[in-house]
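Descriptive structure summary
Each chain, written out:
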Amino acid sequence: MPLLLQRLSAEQQRLLWHRYLREHPLNRRQIQKVMGLEPEQQQRLEEEALTVLRQAAREYGAL
């Protein structure tokens, strides 16, 4: 997983960390306060990050 996460931008990594990887994940409203991203921006950034992760996983043969 760390190899895959390296492919993401710092902002994408930060969003995914807040949303999924922390001990107590944040909801969209909390992320908006912490990162200053509207829910629509969060959704777009998350979709872009997942696309990058899928592509990286294919390249590493994980998919």
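Structure first, text after, so check above.
Residues numbered from 1 in each chain as written. Predicted model: local features only at pLDDT ≥ 70, side-chain atom pairs only at ≥ 80, totals over all residues. Heavy atoms only, no water.

**Quick notes on the nonpolar core**
Residues L4, L5, L8, L16, A49, L53, A56 and A57 constitute the largest nonpolar core, which totals 8 residues. Of all the elements in the fold, those that place two or more residues in this core are α1 (2–5) and α4 (39–59). With 4 residues, α4 is the single largest residue contributor to this core. Beyond its immediate chain neighbours, meaning those up to four positions away, L8 contacts Q13, L16, A49, V52 and L53. Grouped together as the second largest cluster of nonpolar side chains are 6 residues, L15, L26, M35 and L45 included. (Core = buried A, V, L, I, M, F, W, Y, C linked by side-chain atoms within 4.5 Å. Buried < 20%, exposed > 50% of the residue type's maximum accessible area, 1.4 Å probe, protein only. Helix = DSSP H or I, 4+ residues; strand = E, 2+ residues; numbered from the N terminus. Contact = heavy atoms within 4.5 Å.)

**As for the packing of helix α2 (residues 10–21) against helix α3 (residues 28–35)**
Their axes nearest at 10 Å, the elements α2 and α3 cross at an angle of 140 degrees. As the angle between them shows, α2 and α3 are arranged oblique. For the pair α2 and α3, the crossing hand works out as right-handed. Where α2 abuts α3, its residues E11, R14, L15, H18 and R19 lie against R28, I31, V34 and M35. Of the residues that constitute the contact of α2 with α3, the class distribution is 4 nonpolar, 1 polar and 4 charged. (Axes fitted to C-alpha atoms, helices over the stretch in contact; angles between N-to-C directions. Parallel < 35°, antiparallel > 145°, perpendicular 65-115°, else oblique. Left-handed = near helix turned anticlockwise from the far one by under 90°. Nonpolar A, V, L, I, M, F, W, Y, C, P; charged D, E, K, R; others polar.)

**Examining the environment of R28**
Turning to its location among the elements, R28 is positioned in helix α3. C-alpha separation for the pair R28 and S9, spaced 19 residues apart in sequence, amounts to 19 Å. Not counting the four nearest positions on each side in its chain, R28 is found in contact with R19, P39, Q42, Q43 and E46. A polar atom in the side chain of R28 sits 3.1 Å from the side chain of Q43. (Polar contact = N/O pair within 3.5 Å; in protein donor to acceptor, adjacent residues only side chain to side chain.)

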